[in-house]
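Residue-level listing of the chains:
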Amino acid sequence: MTAHQTPAQASAVRLVPQKTGAPAGLAGKIALPGSKSITNRVLLIAALAQGKSHISGALKSDDTTYMAQALRQLGVTVEDAGDTDFMVTSTGTLTPSQAPLFLGNAGTAVRFLTAAAANIKGTTVLTGDAHMQKRPIAPLVEALNAAGVTATAPTGCPPVTVSSEGGFSKRTIEVDASLSSQYVSALMMAGTKGDAPFSLRVKDGDIGARGYIDITLECMKAFGANISQTAPLSWDIANTPYAARDYWVEPDASAATYIWGINALLDTAIDIGIAPEAMMQPDAKAYDFIKQFPNLPAVIDGSQMQDAIPTIAVLAAFNNHPVRFVGIANLRVKECDRINAVATELNRIQPGLAEEIGDDLLVTPDRSLIGRTVKADIHTYHDHRIAMAFAQAALVIDGIRILDPGCTAKTYPGYWRDLQSVGVEMTFE
């Protein structure tokens, strides 16, 4: 391995732990990437608006690259205007793509565009990599069919084929959102186009992560959408077109959790330049738990901050007492089965650190691991969040290698570089 090897080229990364009992050497400021959740919402909404929109502070990563390229295939001009900027120019109408839309493992992109494809007159095929082809989309397909669109996904996962006359012909529908709130967001963003208002209700009053719906509503309203809430999980969306505008994307709260976790574990003060309370993303609520380390609550409900759970679960391995994570069943259908992945990899460090109890995760900590040497290769399942969460463990335990470090490019391409910038030493192998 050469000194110039990049994370994408490496098979593993080793972090140099902070020395036990010595003053922590990590200091400085990290400029977090923009929110993936917001970037992909705003890219789509800007593509559905007539005119030119300047999106600043945006995330440039695998997930957003897939979204931008798919929008180009659908007749939208999406220009890279700098490291964190996009210029989106659109007629407000998407046109059919001759080739399938390949969306890698970008869940937001494939789900949002599946609903948006209902506004295209013609047939659209959406697919992704092997991981995406295991991620459920049947509830969204069922909702589109209820809206008068012909949508099929024979396996219940991508690829998906959507054939439409150019919009939802039935303007009042319901959707099962128990697996993912993204189904709701997808239908909402697509629902402004039509000859009548669109009414959407969540079936059985169950939803995966309500906070992400609030993000969708805020993004839609910023581009001129008129939405009224008719019940706790029902909305009426006016058939008014989006208006192009300039939009600033706030930093990614899920990315912030890794730095908050490192600060808590090492008693450092790496500055990310934004306070948790200034973020509208649900994962910002994770800070309220992380700041309690090493006395995390005995029970943590992760239902409304799902992407933060791997971070807190790894941190919990060094807590003063066991922590049980509940409300996290949906983590089984993310980029990987994150409940199983976190449990398996913690137990790779030391058997008994974690246990799956149904869809709950119980972490039984051992603070004596801090400062010890444990030879362990952490498998990341090509999941960016597993890799970044386990960096915490690698900063207090010698001998840990994190495999496939390049997988962080999905949402945080500069993660390892940013850790180096605040004093973390590492070698890529």
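Our structure is the block above this text.
Asker: What should I look at first to understand the overall build of the chain in this one?
Answerer: Along the backbone of the chain there are twelve helices and 20 strands. Taking 429 residues into account, the globule formula puts the C-alpha radius of gyration at 22 Å, and the chain, at 22 Å, falls close to it. Put simply, the chain has 429 residues, and 58% of those count as buried. Taking all contacts inside the chain whose residues are at least 6 apart in sequence as the whole, residues at least 24 apart take part in 72%. Summing over all exposed atoms, the chain offers an accessible surface of approximately 15,700 Å²; the carbon and sulfur share of this is 50%. If you average the places of the 34 positive and of the 42 negative side-chain charges in the chain, the two averages end up 2 Å apart.

Asker: In this structure, what is going on with helix α9 (residues 309–316)? I would like to understand it.
Answerer: For an α-helix, the turn length of 3.6 residues means that residues three or four places apart are oriented alike. Judged by how many residues are buried, α9 sits mostly within the fold: eight of eight residues are covered. For α9, the set of buried residues is Ile309, Pro310, Thr311, Ile312, Ala313, Val314, Leu315 and Ala316.

Asker: In this structure, what is going on with the packing of helix α1 (residues 36–47) against helix α3 (residues 107–116)? I would like to understand it.
Answerer: Two quantities define a packed helix pair, namely the angle between the axes and the distance from one axis to the other. Here α1 crosses α3 at 25 degrees, and the two axes come no closer than 10 Å. The orientation of α1 relative to α3 falls into the category roughly parallel. Crossing hand, α1 versus α3: right-handed. Contacts between α1 and α3 pair Lys36, Asn40, Arg41 and Leu44 from the former with Thr108, Ala109, Phe112, Leu113 and Ala116 from the latter. Of the residues belonging to the contact of α1 with α3, the class tally is five nonpolar, two polar and two charged.

Asker: Sorry if this is basic, but what is going on with the pattern of salt bridges here?
Answerer: If the charged atoms of two oppositely charged side chains come close together, the side chains can form a pair. Inspection of the entire model under this criterion finds 22 salt bridges. Taking the shortest distance from any N to any O, the salt bridge between Lys291 and Asp288 comes out at 4.0 Å. A residue is classified by how much of its surface remains accessible, and Lys291, at 53% relative accessible area, is exposed. Each member of the salt-bridge network shares a partner with another, and the members are Lys36, Asp63, Arg135, Asp307, Glu335, Arg338, Asp383, Arg385 and Lys410.

Asker: Sorry, what's going on with the pairing of strand β16 (residues 354–357) here?
Answerer: Strand direction decides the pairing type here: β16 and strand β17 (residues 360–363), joined by four bridges, are antiparallel. Among the inter-strand pairings, Glu356 is bridged to a residue of β17, identified as Leu361. Linking β16 to β17, which pair antiparallel, is a turn of two residues; within it Gly358 sits at a positive phi near 60 degrees.

Asker: Could you clarify how one ought to interpret helix α7 (residues 253–266) in this entry?
Answerer: Between its terminal C-alpha atoms α7 stretches 20 Å, which fits the 20 Å expected from 14 residues at 1.5 Å a residue. For α7, the buried fraction is high: 13 of the 14 residues fall into the buried class. Taking the backbone nitrogen of Ser254 as reference, a side-chain oxygen 3.1 Å away marks Asp252 as the first, capping residue of α7. Immediately beyond the C-terminal end of α7, within one or two residues, lies Asp267, with a positive phi of roughly 55 degrees.

Asker: Please clarify how the sheet that holds β17 should be interpreted in this entry.
Answerer: Across a sheet, paired strands are connected by hydrogen bonds in the backbone, their directions being either parallel or antiparallel. Spatially, the four strands line up as an open sheet ordered β14-β15-β17-β16, and their pairing is mixed. One side of each edge strand has no neighbouring strand; the edge strands of this open sheet are β14 (299–301) and β16. This sheet shows a mean twist of 20 degrees between the axes of neighbouring strands, independent of strand direction. With three bridges joining them, β14 and strand β15 (residues 323–326) adopt parallel strand pairing. Within β15, the residue paired with Ile300 across the bridge is Phe325. α9 contacts β14, β15 and β17 of the sheet and is inclined by roughly 165 degrees relative to β15. Its contacts with the sheet place helix α10 (residues 338–349) against β16 and β17, and it is angled at close to 150 degrees to β16.

Asker: Looking at this model, I keep getting lost on the sheet that holds strand β20 (residues 426–428). Mind explaining?
Answerer: Ordered in space as β18-β19-β1-β20, the four strands form an open sheet in which the pairing is mixed. The open sheet has two edge strands with one neighbour each: β18 (373–378) and β20. Strand-to-strand twist across the sheet, computed as the mean angle between neighbouring axes with direction ignored, equals 15 degrees. With four bridges joining them, β18 and strand β19 (residues 398–403) adopt parallel strand pairing. Bridging from a neighbouring strand, Thr373 pairs with Asp398 of β19.

Asker: Looking at this model, I keep getting lost on the environment of Ile213. Mind explaining?
Answerer: By the element assignment, Ile213 lies in helix α6 (residues 210–222). A C-alpha to C-alpha distance of 37 Å links Ile213 and Val396, two positions 183 residues apart in sequence. Beyond its immediate chain neighbours, meaning those up to four positions away, Ile213 contacts Ser181, Val184, Ser185, Met188, Ile207 and Trp235.

Asker: What am I meant to see in the packing of aromatic side chains here?
Answerer: Two measures describe an aromatic ring pair: the distance that separates the ring centres and the angle between the ring planes. All told, the structure shown has seven aromatic pairs when counted by the stated rule. For the pair Tyr66 and Phe102, a centre-to-centre distance of 5.8 Å together with 75 degrees between the ring planes defines the contact as edge-to-face. With Tyr66 in helix α2 (residues 62–73) and Phe102 in strand β5 (residues 101–102), the pair connects residues that are 36 residues apart, well separated along the chain. Ring geometry for Phe168 against Phe198: centres 5.0 Å apart, planes inclined by 45 degrees, an arrangement best described as tilted. A residue pair is termed long-range when its members are at least 10 positions apart, and Phe168 in the loop between β8 (160–165) and β9 (172–177) and Phe198 in strand β10 (residues 198–207) qualify at 30 residues. Each member of the pair Phe168 and Phe198 is classed as buried. Within the aromatic cluster, the residues linked to one another by ring pairs are Tyr258, Tyr412, Tyr415 and Trp416. Here Lys60 stacks its cationic end above the ring of Phe86, 4.5 Å away from the centre of that ring.

About the cut-offs
Residues numbered from 1 in each chain as written. Predicted model: local features only at pLDDT ≥ 70, side-chain atom pairs only at ≥ 80, totals over all residues. Heavy atoms only, no water. Helix = DSSP H or I, 4+ residues; strand = E, 2+ residues; numbered from the N terminus. Rg over C-alpha atoms; globule rule 2.2 N^0.38 Å. Buried < 20%, exposed > 50% of the residue type's maximum accessible area, 1.4 Å probe, protein only. Contact = heavy atoms within 4.5 Å. Areas by Shrake-Rupley, 256 points an atom, 1.4 Å probe, with all protein chains shown as cover. Lys, Arg positive; Asp, Glu negative; His and termini not counted. Charge placed at Lys NZ, Arg CZ, Asp CG, Glu CD. Axes fitted to C-alpha atoms, helices over the stretch in contact; angles between N-to-C directions. Parallel < 35°, antiparallel > 145°, perpendicular 65-115°, else oblique. Left-handed = near helix turned anticlockwise from the far one by under 90°. Nonpolar A, V, L, I, M, F, W, Y, C, P; charged D, E, K, R; others polar. Salt bridge = Lys/Arg side-chain N within 4 Å of Asp/Glu carboxyl O. Pairing = 2+ DSSP bridges. Expected span 1.5 Å × (residues − 1). Polar contact = N/O pair within 3.5 Å; in protein donor to acceptor, adjacent residues only side chain to side chain. Phe/Tyr/Trp six-rings, centres within 6.5 Å; stacked < 30°, edge-to-face > 60°. Lys NZ or Arg CZ within 6 Å of the ring centre and 35° of its normal.

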